[in-house]
Each structure stands twice: as C-alpha cells, then as structure tokens.
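Understanding the architecture of this molecule
The lines below spell out each chain.
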Amino acid sequence: MVVPLYNCLPLTQAMLASLQATLPAGLDHEIILIDDGSTDGTRDWLASSAPLRSPPYRVLLNERNLGFAAGNNRASAVARGELLILLNNDLVLLPGWLEPMLAAHAQLGASAGLIGNVQLDARTGLVDHAGLDLTPNAKPVHVRALPSRLSRCFQPVRPMPAVTGACLLVARNLWQSLGGFDEGYVNGGEDIDLCYRARAAGRTNAVALRSVIRHHVSSS
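Throughout what follows, the structure given in this document is the object of discussion. Quantities reported herein were computed from a predicted structural model and do not represent experimental measurements. (Residues numbered from 1 in each chain as written. Predicted model: local features only at pLDDT ≥ 70, side-chain atom pairs only at ≥ 80, totals over all residues. Heavy atoms only, no water.)

Residue pairs spaced three or four apart in an α-helix point in one direction, given the helix's 3.6 residues per turn. Of all the residues in helix 7 (residues 190–200), the buried ones are Glu190, Asp191, Ile192, Asp193, Leu194, Cys195 and Ala198. Glycine 202 sits one or two residues past helix 7 and shows a positive phi near 90°. (Buried < 20%, exposed > 50% of the residue type's maximum accessible area, 1.4 Å probe, protein only. Helix = DSSP H or I, 4+ residues; strand = E, 2+ residues; numbered from the N terminus.)

Structural data, given as structure tokens:
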C-alpha cells in the first residue's frame, strides 16, 4: 500500500488509524509512506513515531516536493507485493472496503486493469465518485449515480473507463508495464491517463460497488 503525504498531518493520522482498523486479519502487506516535502510537522512525526519504524511500515522522504505522480511512482518502485493499492492521506477507510476490491480484481482475472471503489464526500455523505467517464466534449467527470441496491447485489463490479487515483488497486506487473503515472501531469489527470493506457493495453478498469470509503475531497 502506497500513501503519499504532503502536510495535512491530522488527516494522515486519522487515515492510518482507519487503515489499521479495517485491514483483513492475516493480510500480508506493507504500508509505504512517502513524504513529499511537508512543512507542517509531518516529518517530525514520521521521525518520532515508534510504530512507523517497523513493519508493516516503510517511510520514504523526498528532498523536495515532486508532486502526486512522482511520489507514487517512487514508492511503488520499491514495493514488494503483487498488488499495489494507492491511498490518499485524506481518506476515511470503512470496514469491508478492501475485500470487494480484491474480489473485483480476481473476478476480472487476466483482463483486470485498475480497480476503484465508491467514495462518499466525508463532509456531506453524498457519493462523490463511482468511476470516471468522459462527456461528449471529452471532459472527464466523476460518476455519482449508483445502480440500484438490488443491481449491486447481483453485479457488484461495474466496468468504467477510469477510476480516481485517490484509492485504487492495480497489479504491480501491470503498473510496471505501463510505466506508472506520467509525471508530466501535475497533481491531476495522471490517474485518468493511466486508466486509458490500461484500456489501450486491453485491460478492463472497474469499480467495486460494494467497497465504500469516505474522502475529504481535495483536502490533501
């Protein structure tokens, strides 16, 4: 799991607490925290927090702010797991969020691309993200309408053109073959670009509709 950090220390601490509380028992995992030049005390906290100095945590520090794409790329390059899970530090992870994403990836098998989930605005509780699509004039927009509850029961995996990089799952070998995020994008668009490159490679991106989290949208 890769968590890029840039300031917002209280949100980071709350996010990691929710992550620790919701990971399935017995899951073999690592949590790579990469700080992108924080100036709010995050670096002092990373240095002084004893739990962060031992597994499953690994801490990386960028000498200067490199941006979202580069931070994720650097951390993912040292990841050892078969699956990468990218997580923003302004999420609130709810019980049962991970298992449906793993199940969606397994269901799609060799055709699996990037797997996202349903994200609720942490302030309002309204759906903020259930996939990304393009308008007729090629503008990317968040899909905020969900299928009926009955439909979600029978079809819990919904193929979508793209998903947000705030919370996504991707096989590490696919990430590597695609070259990760294009660092030409500056804090926006790199996730959509990666999803469309996965589609061009014959992969199916999808939203795990039974995975629900909260997101402090645009807070980090």
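What follows covers the layout of surface pockets. By volume, the largest pocket is sized at about 700 Å³. In terms of lining residues, the largest pocket is bounded by 31 residues, among which Phe68, Asn88, Asn187, Gly188 and Ser220 are the most central. Among the secondary structure elements, those contributing two or more residues to the lining of the largest pocket are strand 1 (2–5), helix 3 (68–77), strand 7 (127–129), strand 9 (140–142) and helix 7. When residues in the lining of the largest pocket are grouped by element, the largest group, three residues, is from helix 7. It is strand 4 (residues 83–87) that contributes the most residues to the lining of the second largest pocket, three residues altogether. (1 Å grid on protein atoms, 1.4 Å probe; cavity = no way out; pocket = protein on both sides within 12 Å on 5 of 7 lines; lining within 4 Å. Points joined across faces, edges and corners; volume = space filled by probe spheres on them.)

Quick look at the packing of aromatic side chains now. Applying the stated rule across the entire model yields two aromatic pairs. Look at phenylalanine 68 and phenylalanine 181: their rings are 5.7 Å apart centre to centre, the planes differ by 35°, and that puts the pair in the tilted class. Within this pair, whereas phenylalanine 68 is found in helix 3, its partner phenylalanine 181 is found in the loop between helix 6 (172–178) and helix 7, the two being separated by 113 residues in sequence. When the centroid spacing of 5.0 Å and the interplanar angle of 75° are considered together, the rings of tryptophan 175 and phenylalanine 181 count as edge-to-face. Taken individually, tryptophan 175 and phenylalanine 181 each receive the classification buried, so the pair is uniform in this respect. Following the ring pairs from residue to residue traces out a cluster consisting of Phe68, Trp175 and Phe181. (Phe/Tyr/Trp six-rings, centres within 6.5 Å; stacked < 30°, edge-to-face > 60°.)

Bringing the side chain of serine 211 into the picture now. Mapped onto the elements, serine 211 comes out in strand 12 (residues 204–215). The exposure class assigned to serine 211 is buried, which follows from its relative accessible area of 0%. A polar contact of 3.1 Å, which involves the side chain of serine 211, links it to the side chain of asparagine 117. Setting aside residues no more than four positions away along its own chain, serine 211 makes contact with Trp97, Pro100, Met101, Asn117 and Val118. (Polar contact = N/O pair within 3.5 Å; in protein donor to acceptor, adjacent residues only side chain to side chain. Contact = heavy atoms within 4.5 Å.)

Moving on: the environment of tyrosine 57. Inspection of the secondary structure puts tyrosine 57 in strand 3 (residues 57–61). It is 6.0 Å that separates the C-alpha atoms of tyrosine 57 and glutamate 30, two residues lying 27 residues apart in sequence. Non-local contacts of tyrosine 57, meaning those with residues more than four positions away in its chain, are made with Leu16, Gln20, Ile31, Leu33, Pro51 and Leu52.

All chains considered together, the criterion is met by six salt bridges. Here arginine 80 ties to glutamate 30 by a salt bridge, and the two come within 3.2 Å at their closest N and O atoms. One end of the pair, arginine 80, is in the loop between helix 3 and strand 4; the other, glutamate 30, is in the loop between helix 1 (9–22) and strand 2 (31–35), and 50 residues separate them in sequence. Note on arginine 80: relative accessible area 58%, which makes it exposed. (Salt bridge = Lys/Arg side-chain N within 4 Å of Asp/Glu carboxyl O.)

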